[in-house]
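Breakdown of the fold
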Amino acid sequence: MFLSSLLGVLSALVLALNTLLTFSLMMLPALLKRLLPSLRRPCDRVLNGLASGWVSLNSAWLARWQRHPWQLEGLDGLNPRGWYLVLPNHRSWVDILVLQRVFRQRIPFLKFFLKQELIWVPVIGLAWWALDFPFMKRGNSRGARAADLATTRKACEKFRFIPTSVINFVEGTRFTPAKQAEQNSPYRHLLKPKLGALGIALATMGEQFEALLDVTLIYPDGTPSFWDLMSGRNGRIQVLVQRREIPPALVGGDPGRDKALRARIATWIEGLWAEKDALISQRLGDR
């Protein structure tokens, strides 16, 4: 127990130092691209390279202390210079580090749709800003949704020239039995999918995505915490990737105003979620 706790502290320190170093190196190219728009593309390449290096160091360190080999499926034929929409289920904060390690050098650096408030997170918030992560206010009124769509369209215009992977946790939060019961979720292992950020991603970049990567995360020995991963005490991890085409009828438009479009997206994602739930049940033996 003492050794695993020591490893956890050391891993957290390595992650923190790596983050601070990478952030420091990002500041110059981030400022240059803001002040000199003509340098945007080379600066973006530098920034994405630094972010990829950050992921590589974190992944190499954590891989050194894993007790169980990870089971990975469906990773053949991916393009590190492509454009992808990545839709995983969400079980733990561990998911992000797992996905970064699995997709490292297989697809472009993963970028998230983030709440506007997260730009104020110390250090990492400014790094997200430098990497052009789209920040959304996520208002509930029609006017707020329209403003979000316009803001996100503008942000995503920057991705047209730099290969990008956009990741969206469509459940909106991490799965717990309490949240499942509160939602009266029809799925055994998943929460209900939400359409907000997914609809915006399809509206702004749908025609540019070459494929959807439908990712199923399974933790057969129980969902690990961030501390479990840092201290090498997590159990087995399965990552199953299915490449799917995005139906042309779902891209473009404004799902906030077009009820028919919103209904088509809802039917599509609910079908994917039913398949994902069945796959998890099958792999876990319906536990």
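In the block above lies the structure referred to throughout.
In short, a report on the structure. (Residues numbered from 1 in each chain as written. Predicted model: local features only at pLDDT ≥ 70, side-chain atom pairs only at ≥ 80, totals over all residues. Heavy atoms only, no water.)

The backbone of Asp-132 shows a phi angle near 65 degrees, a positive value even though the residue is not glycine. Secondary-structure assignment places Asp-132 in the loop between α4 (124–130) and β5 (135–136). Although it is not a glycine, Asn-184 adopts a positive phi angle of roughly 55 degrees. Here Asn-184 is to be found in the loop between α6 (177–183) and α7 (196–205). (Helix = DSSP H or I, 4+ residues; strand = E, 2+ residues; numbered from the N terminus.)

It is worth spelling out empty space enclosed by the protein at this point. Counted according to the given criterion, the structure contains three cavities of 30 Å³ or more. Size it by volume and the largest cavity reaches roughly 70 Å³. Mapped onto the lining of the largest cavity, the elements with two or more residues apiece are α2 (40–64) and α3 (94–103). Looking at the lining of the largest cavity residue by residue, the classes come out as six nonpolar, four polar and one charged. The computed volume of the second largest cavity comes to approximately 50 Å³. Contributing to the lining of the second largest cavity are Lys-33, Asp-44, Asn-48, Lys-111, Ala-130, Leu-131, Asp-132, Lys-158, Phe-159 and Ile-162. Partitioned by chemical class, the residues of the lining of the second largest cavity number four nonpolar, one polar and five charged. (1 Å grid on protein atoms, 1.4 Å probe; cavity = no way out; pocket = protein on both sides within 12 Å on 5 of 7 lines; lining within 4 Å. Points joined across faces, edges and corners; volume = space filled by probe spheres on them. Nonpolar A, V, L, I, M, F, W, Y, C, P; charged D, E, K, R; others polar.)

This paragraph deals with the pairing of strand β8 (residues 238–244). In terms of burial, β8 is largely enclosed, as five of its seven residues are buried. Bridge count between strand β7 (residues 211–218) and β8: seven bridges; the pairing is antiparallel. What sits directly across from Val-215, in β8, is Val-241. (Buried < 20%, exposed > 50% of the residue type's maximum accessible area, 1.4 Å probe, protein only. Pairing = 2+ DSSP bridges.)

What follows deals with the environment of Phe-133. Assignment of secondary structure puts Phe-133 in the loop between α4 and β5. Residue classification places Phe-133 among the buried residues on the basis of a relative accessible area of 5%. Along the primary structure Phe-133 and Phe-159 are separated by 26 residues, whereas in three dimensions their C-alpha atoms are 9.9 Å apart. If sequence neighbours within four positions are ignored, Phe-133 has contacts with Phe-109, Leu-110, Lys-111, Phe-112, Leu-114 and Trp-128. (Contact = heavy atoms within 4.5 Å.)

This next bit is on the nonpolar core. One finds Val-86, Val-98, Phe-103, Leu-213 and Val-215 to be the most contacted residues of the largest nonpolar core, which totals 44 residues. Considering every element that reaches this core, the biggest residue donor is α3, with six residues. Sequence-distant contacts of Val-86, that is, excluding residues within four places in its chain, are made with Phe-103, Ile-107, Leu-110, Ser-165, Val-166, Ile-167, Asn-168, Leu-213 and Val-215. The next biggest cluster of nonpolar side chains, apart from the first, holds 32 residues, and it includes Phe-159, Leu-190, Leu-240 and Leu-279. (Core = buried A, V, L, I, M, F, W, Y, C linked by side-chain atoms within 4.5 Å.)

Next up on the list: the sheet that holds β7. Across the sheet, six strands lie side by side as β1-β8-β7-β2-β6-β3; this open sheet has mixed pairing. Bordering the open sheet on either side are β1 (71–73) and β3 (110–112), each of which pairs with just one other strand. Going from strand to strand, the sheet's axes swing by 25 degrees on average, the running direction of each strand aside. (Axes fitted to C-alpha atoms, helices over the stretch in contact; angles between N-to-C directions.)

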